[in-house]
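Per-entry structural report
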Amino acid sequence: MTVEAHKETLGFQTEVKQLLHLMIHSMYSNKEIFLRELISNASDASDKLRFEAIAKPELLENQPDLRIRISADEQAKTLTIEDNGIGMSREEVIENLGTIAKSGTAAFMQQLSGDQKKDASLIGQFGVGFYSAFIVADKVEVFTRRAGLDAAEGVRWESAGEGDFSIETIEMPERGSRIVLHLKAAESEFADGWRLRNVVKKYSDHISLPIELPKQHMGEEEKPAEAEWETVNRASALWTRPRSEVSDEEYQEFYKHVAHDFDNPLSWSHNKVEGKLEYTSLLYVPGRAPFDLYQREAPRGLKLYVQRVFIMDDAEQFLPLYLRFVKGVVDSNDLSLNVSREILQKDPAIDSMKSALTKRVLDMLEKLVKKGPEQYSKFWKNFGSVLKEGPAEDFANREKVAGLLRFASTQQNDDSEVVSLDAYIERMKEGQDKIYYLTGERYNQVKNSPHLEIFRKKGIEVLLLTDRIDEWLMSHLTEYSGKQFVDIARGDLDLGSLEGEEDKQAQEEAAKAKADLVQRIKDVLAESVEDVKVSHRLTDSPAVLVIVEDGMGMQMRKILEATGQQAPESKPIMEINPSHPLLEKLDAEQNETRFADLTHILFDQAALAAGESLQDPGSYVRRLNALLVELSK
Ligand code: ADP
């Protein structure tokens, strides 16, 4: 086959086209980040080569020293970033530079609105990587050859960042990748030696391999025939340096590199552990959630190094699933260089590292709390519902995780304000020894629930839980700080010493006095309820539905039904408020048909107030209308 026969023009995947178009416009205000992205890719490519060369040293060919070279040609208005890392084969070029192989990309793209400001922040969350070259270039060429392949198997890729790209096979004596940006006329500043040097320095100090620029020859007209290079960064792994010698900016830049994020992290924790196990970890809490936080197949985990040699991305064995938002690096001195995912899974040393790293993250979050509500609420908005998976997954740290949870509460004006369990406990009424909560689908529904009436009357705070997973969370969280959790919509409500002896006596008397009424209602609703009782939960509403002690709540039912399963049948208990005028009227009603109609209405309304949909809405409407007609006579 001739080289020419290998040239072809291919179209970008639809998502790439959309991304390119949006990115060029929306990232413009932050255009120099393209350099960070390309340096980051070159550094990753070198890491990968170093790793593969552990098993196959011949991949290093005659060039074992890895480095990145960046140069500009002011006349031609080009900028070149060159690495001698792993390189790419023809298939890899098509796969990596023509498509986006992240799960959920199509769904993500649909969220883009066309509003540049909004989209710019969304795109940052997605991470645009290589394509950011098109912010400043109107043509990009990639010359690359994968380590280990024949010199004749080089590839040249070229695109103007519009609909398509061309690809051809070329002769490439040196392995690695060379990216040539043909700068847009307005971006020629990046071809200026001094300007380039400044930007490169900014984005390279945290990179562990040398980044070289052509030596500047001050005042000389003639440059030497062979370019002389000088290293402009520290070229040492950032996490190996003592904390006191790393600036916040460096930590932040390093984060952007490891996390492929455009924004600064919220917080980080850098630690060196010595002793039986020796390792260094640098863990970050991102400033915002990635677009695929809830995608099952989304990559997660830390970058694993062994004695500074990159081993793998996304090593998920070092942190539990509920901390999957954490990014960073772990560098072990004890693991073997040829460690694999399988080995990591079985190694007991990894378990003890996992529990130590888990604790580090939880400590870091506790520190964030101390920094002030604003910082922590940023975290909570982004990752709160992931953290809620903690108590179920991590029994040992249940209490610690619970201390970091936040909930809406009857003490707050709306659901944008959340409270901690510690704050709740601090505000508890005298004699209160339980933490009360109510779950439901929507904040407005629980906020106005009849279940809250007695609590409002007595001024007792109730947590309002409306996240999809809250009911499930609470099934794994029975107590905090020695205080039991109580679902106020479930079983017999025991307010303990919050209710005086007189209250209790009055209840008992009311129950006795209304035994007949209760029995009549029970007869009518036999098919729909487990039981009917006189309530002490209510002050204003006529009736309320209570879940039986071991019954399944509505959120869990919905989750089950959404996954196509049948939720087990469980009938509620209806509690009535005998001092409500409607019940007084009902009690006096002699006509059994009217008694039954009114009872059904009462039950259906209690179901509606609980946010449930009626079994037979038609009959409810018919009965209610009949009543309204009678009223208006
Ligand atoms: P990301 O780096 O987030 O995966 P990019 O769009 O930046 O996304 O790059 C896509 C892929 O292209 C990379 O994952 C890598 O496999 C490949 N790639 C990019 N630059 C290089 C390079 N300099 N050398 C080798 N492979 C590269």
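These lines cover the structure that appears in this document, whether it is placed above or below. (Residues numbered from 1 in each chain as written. Predicted model: local features only at pLDDT ≥ 70, side-chain atom pairs only at ≥ 80, totals over all residues. Heavy atoms only, no water.)

In this section: the layout of surface pockets. Volume-wise, the second largest pocket comes out at about 1,100 Å³. Lining the second largest pocket we find 45 residues, and of these L545, S570, P572, E612 and Q615 sit closest to its centre. Elements that contribute at least two residues to the lining of the second largest pocket include exactly β17 (434–439), α14 (443–447), β22 (543–546), α19 (554–562), α21 (592–609) and α22 (617–631). Among the elements that take part in the lining of the second largest pocket, α21 stands out by supplying six residues, more than any other. Of the residues in the lining of the second largest pocket, the class split is 19 nonpolar, 14 polar and twelve charged. Each of domain 3 (405–497) and domain 4 (500–632) accounts for three or more of the residues forming the lining of the second largest pocket. (1 Å grid on protein atoms, 1.4 Å probe; cavity = no way out; pocket = protein on both sides within 12 Å on 5 of 7 lines; lining within 4 Å. Points joined across faces, edges and corners; volume = space filled by probe spheres on them. Helix = DSSP H or I, 4+ residues; strand = E, 2+ residues; numbered from the N terminus. Nonpolar A, V, L, I, M, F, W, Y, C, P; charged D, E, K, R; others polar. Domains from an automatic or database assignment.)

By the definition in use, this model includes 19 aromatic pairs. Ring centres 6.4 Å apart and planes at 85° place the aromatic pair F12 and Y131 in the edge-to-face group. Here F12 is found in the loop between β1 (8–11) and α1 (14–26), whereas its partner Y131 is found in the loop between α5 (116–126) and β4 (137–145), with 119 residues between them in sequence. What makes Y131 buried here is its relative accessible area of 4%. For the pair W239 and F254, a centre-to-centre distance of 5.8 Å together with 50° between the ring planes defines the contact as tilted. Here the residue W239 occupies a position in the loop between β9 (229–231) and α7 (248–259), and F254 occupies one in helix α7, the gap between them amounting to 15 residues. The exposure class assigned to W239 is buried, which follows from its relative accessible area of 3%. Three or more aromatic residues link up through ring pairs in this structure, and these residues are F12, F130, Y131, W157 and F165. The ring centre of F262 lies 5.4 Å from the NZ or CZ of R36, which sits over that ring. (Phe/Tyr/Trp six-rings, centres within 6.5 Å; stacked < 30°, edge-to-face > 60°. Buried < 20%, exposed > 50% of the residue type's maximum accessible area, 1.4 Å probe, protein only. Lys NZ or Arg CZ within 6 Å of the ring centre and 35° of its normal.)

Attention now goes to the nonpolar core. L304, F318, L365, F379, L387 and Y436 are the most contacted members of the largest nonpolar core, which has 74 residues in total. When residues of this core are assigned to their parent elements, the largest contribution, eight residues, is made by helix α9 (residues 348–370). Three or more residues apiece are contributed to this core by two domains, here domain 2 (243–377) and domain 3 (405–497). F379 has contacts with L266, V285, F325, L365, L368, G384 and L387, leaving out every residue within four places of it along the chain. In terms of nonpolar packing, the next biggest core, distinct from the first, is built from 63 residues, L38, V128, I135 and V136 among them. (Core = buried A, V, L, I, M, F, W, Y, C linked by side-chain atoms within 4.5 Å. Contact = heavy atoms within 4.5 Å.)

With that settled, consider the site of the ligand. In the vicinity of the ligand, the residues found are N41, A45, K48, D83, M88, N96, V128, G129, F130, S177 and H260. Within the side chain of N96, one N or O atom sits 3.2 Å away from an oxygen atom of the ligand. Separating an oxygen atom of the ligand from a side-chain N or O atom of H260 is a distance of 3.3 Å. Look at the ligand: alone it shows 530 Å² of surface, and the protein chains cover 79% of it. Looking at which element gives the most residues to the shell around the ligand, the answer is helix α2 (residues 33–55), with three residues. Of the residues assigned to the shell around the ligand, the class counts are four nonpolar, five polar and two charged. (Near = heavy atom within 4 Å. Polar contact = N/O pair within 3.5 Å; in protein donor to acceptor, adjacent residues only side chain to side chain. Areas by Shrake-Rupley, 256 points an atom, 1.4 Å probe, with all protein chains shown as cover.)

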